[in-house]
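Results of the structural survey
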Amino acid sequence: MAATWLVVSTWMWIQHNRLRSSQTESPSLLSVQCWAVRYPKAIDCSWTTDGENEMAPEPDLQASFIATYRLGMITQGETHPCLQPSPEARSCVIPDIQMFSMIPYILNITVITPQGARSTLVPFIAEHIIKPDPPEAVSVSPGSGKQLRVQWEPPHSWPFPKFFPLKYLIRYQRQGTTKFRQVGPIEETSFILRGLRPRTQYLVQVAAGDFLDYGKPSTWSTVVATTSDSK
């Protein structure tokens, strides 16, 4: 499958060079995002054009894309296809990440439209774009006294939690207030919130981050509401 798409990509690249020689109007600029939500298994990239906004939310159905990447800034470096479901897809996957390399990846996304072609280069270090998905199966239950026990699981998209552990943050607030309190980082997948008001409903969320503080923490998990014990 990858070999077939590489042949297709090569053909499209030839067409891209022909288009550039006769380009009269530049196609839309691209806004590209890449995150290692499945580190170290893969990097997921997606993009939109500057024409895809609130006034024109529908993507240009005439646009197709070539997505490739290489390791390093040297233009003679070996180029690999960033795997797309189809040439029209606005996403691709970089498999087989080279870990802890200070040589940046260079992602090259070329958009091809009837108006011409334009390439966007995106450099990044794999560890700098780590961003796990939010923790899953978050549950909160009343404990003895003024306590709540919070439990969760690592996101299923994080492939090797035993070898690449995550650490976690918890934020919580009383129902009806706007101020959050935050605790962490926490290395386990459970924690007891203490010193809470009795018979009070609390809203709790959990976020995950790389154990070595690479990249960014996840977004917060879905809110879980629980009332503290009456005692």
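Keep in mind that what you see is a predicted model, and the values were worked out from it rather than measured.

1. Focus: the sheet that holds strand β9 (residues 148–153)
Sheet architecture is open: three strands sit in the order β8-β9-β12, paired in antiparallel fashion. Strands with a single pairing partner mark the edges of an open sheet, and in this sheet they are β8 (136–142) and β12 (190–193). Averaged over all pairs of adjacent strands, the angle between their axes in this sheet comes to 15 degrees, without regard to strand direction. Pairing analysis gives four bridges linking β9 to β12, with the strands arranged antiparallel.

2. Some remarks on the confidence of the model for the chain
Regions with low pLDDT should not have their predicted coordinates read in detail. Across the chain, pLDDT averages 82, with 80% of residues at or above 70. When mean pLDDT is compared element by element in the chain, strand β10 (residues 166–174) scores highest at 95, while helix α1 (residues 2–21) scores lowest at 38. Confidence over residues 53–57 falls short of pLDDT 50; this stretch has one contact with residues more than four positions distant or in other chains.

3. What about the packing of aromatic side chains?
Following the criterion strictly, the structure yields eight aromatic pairs and no others. Where Y39 meets F164, the ring centres are 5.7 Å apart and the plane angle is 90 degrees; that geometry is what we call edge-to-face. Here Y39, found in the loop between β1 (30–38) and β2 (42–49), pairs with F164, found in the loop between β9 and β10; they are 125 residues apart in sequence, far enough to count as distant. Residue class for Y39 comes out buried when judged on its relative accessible area of 1%. Aromatic ring contacts, followed pair by pair, group Y39, W158 and F164 into a single cluster. One Lys or Arg, K131, reaches over the ring of W35 and ends 5.0 Å from the middle of that ring. In this arrangement the basic side chain of R171 is found over the ring face of F180, its NZ or CZ atom lying 4.0 Å from the centre.

4. Quick notes on the pattern of salt bridges
Taken as a whole and judged by the stated rule, the model has two salt bridges. The closest approach of N and O atoms between D44 and R38, which form a salt bridge, is 2.7 Å. On the basis of relative accessible area, D44 is assigned to the partly exposed category, the value being 23%. The salt bridge partner of K167 is D213, with a shortest N-O separation of 2.8 Å. Taken as a pair, K167 in strand β10 and D213 in the loop between β13 (201–210) and β14 (224–227) lie far apart in primary sequence, 46 residues in all. Take K167: its relative accessible area is 16%, and that puts it in the buried class. Looking at D213, the relative accessible area reads 56%, which means it is exposed.

5. Focus: the environment of F160
Tracing the chain through its elements places F160 in the loop between β9 and β10. Overall, F160 belongs to the partly exposed group, its relative accessible area being 38%. Along the primary structure F160 and R38 are separated by 122 residues, whereas in three dimensions their C-alpha atoms are 8.9 Å apart.

6. Observations concerning the side chain of T110
With respect to the secondary-structure elements, T110 resides in strand β6 (residues 105–113). A distance of 3.5 Å separates a polar atom in the side chain of T110 from a polar atom in the side chain of N108.

7. Looking at the environment of T219
Of note, T219 is situated in the loop between β13 and β14. Considering only alpha carbons, one finds T219 and P134, 85 residues apart in sequence, at a separation of 5.8 Å.

8. Examining the state of the cysteines
Throughout this description, disulfide means a covalent bond between two cysteine sulfur atoms. Applying the stated criterion to the full structure yields two disulfides. Paired through a disulfide, C34 and C45 show a sulfur-sulfur distance of 2.1 Å. With the S-S bond torsion at 115 degrees, the cross-link from C34 to C45 turns out right-handed. Of this pair, C34 sits in strand β1 while C45 sits in strand β2, placing them eleven residues apart in sequence. Of the two residues, C34 and C45, both sit in the buried class. Bridging C82 to C92, the disulfide has an S-S length of 2.1 Å. Across the disulfide from C82 to C92, rotation about the S-S bond amounts to roughly 85 degrees, and the bridge is consequently right-handed. Taken together, the positions of C82 in the loop between β4 (80–81) and β5 (91–95) and C92 in strand β5 put the pair ten residues apart, joining distant regions of the chain. Taking the relative accessible area as the measure of exposure, C82 reaches 0% and is therefore buried. On the accessibility criterion, C92 (2% relative accessible area) is buried.

So, how was this worked out
- Residue numbers restart at each chain and count upward from 1, following the sequence in its written direction.
- Reporting of local features is limited, given that this is a predicted model, to residues whose pLDDT is at least 70; pairs of side-chain atoms are given and counted only at 80 or more, and all residues count toward the totals for whole chains, interfaces and linings.
- With hydrogens and water set aside, each side-chain value is computed from the structure's full complement of heavy atoms.
- In this scheme, strands are said to pair when DSSP sees at least two bridges between them.
- Where helices and strands are cited, they refer to DSSP runs of H or I of at least four residues and of E of at least two residues respectively, numbered from the N terminus.
- Think of each axis as a best-fit line through the C-alpha atoms, taken over the contacting stretch in the case of a helix, with angles from 0 to 180 degrees between the N-to-C directions.
- pLDDT measures the predictor's confidence residue by residue and takes values from 0 up to 100.
- Any two residues having at least one pair of non-hydrogen atoms within 4.5 Å are treated as being in contact.
- Classification of ring pairs rests on two measures: the distance between centres of Phe, Tyr or Trp rings, Trp counted by its six-membered ring, which must be within 6.5 Å, and the angle between planes, read as stacked under 30 degrees, edge-to-face over 60 and tilted in between.
- Using a 1.4 Å probe on the protein chains alone, a residue whose accessible area is under 20% of its type maximum counts as buried, one over 50% counts as exposed, and one in between counts as partly exposed.
- As a reminder, the over-ring test applies to NZ of lysine and CZ of arginine, requiring each to be within 6 Å of the ring centre and within 35 degrees of the ring normal.
- Basic side-chain nitrogens of Lys or Arg form a salt bridge, by our definition, when they fall within 4 Å of a carboxyl oxygen of Asp or Glu.
- By the criterion applied in these results, polar contacts are pairs of N or O atoms within 3.5 Å in which, for protein atoms, one can donate a hydrogen and the other can accept it, and in which residues neighboring in sequence qualify only through two side-chain atoms.
- In plain terms, two cysteine sulfur atoms within 2.5 Å form what is called a disulfide here.

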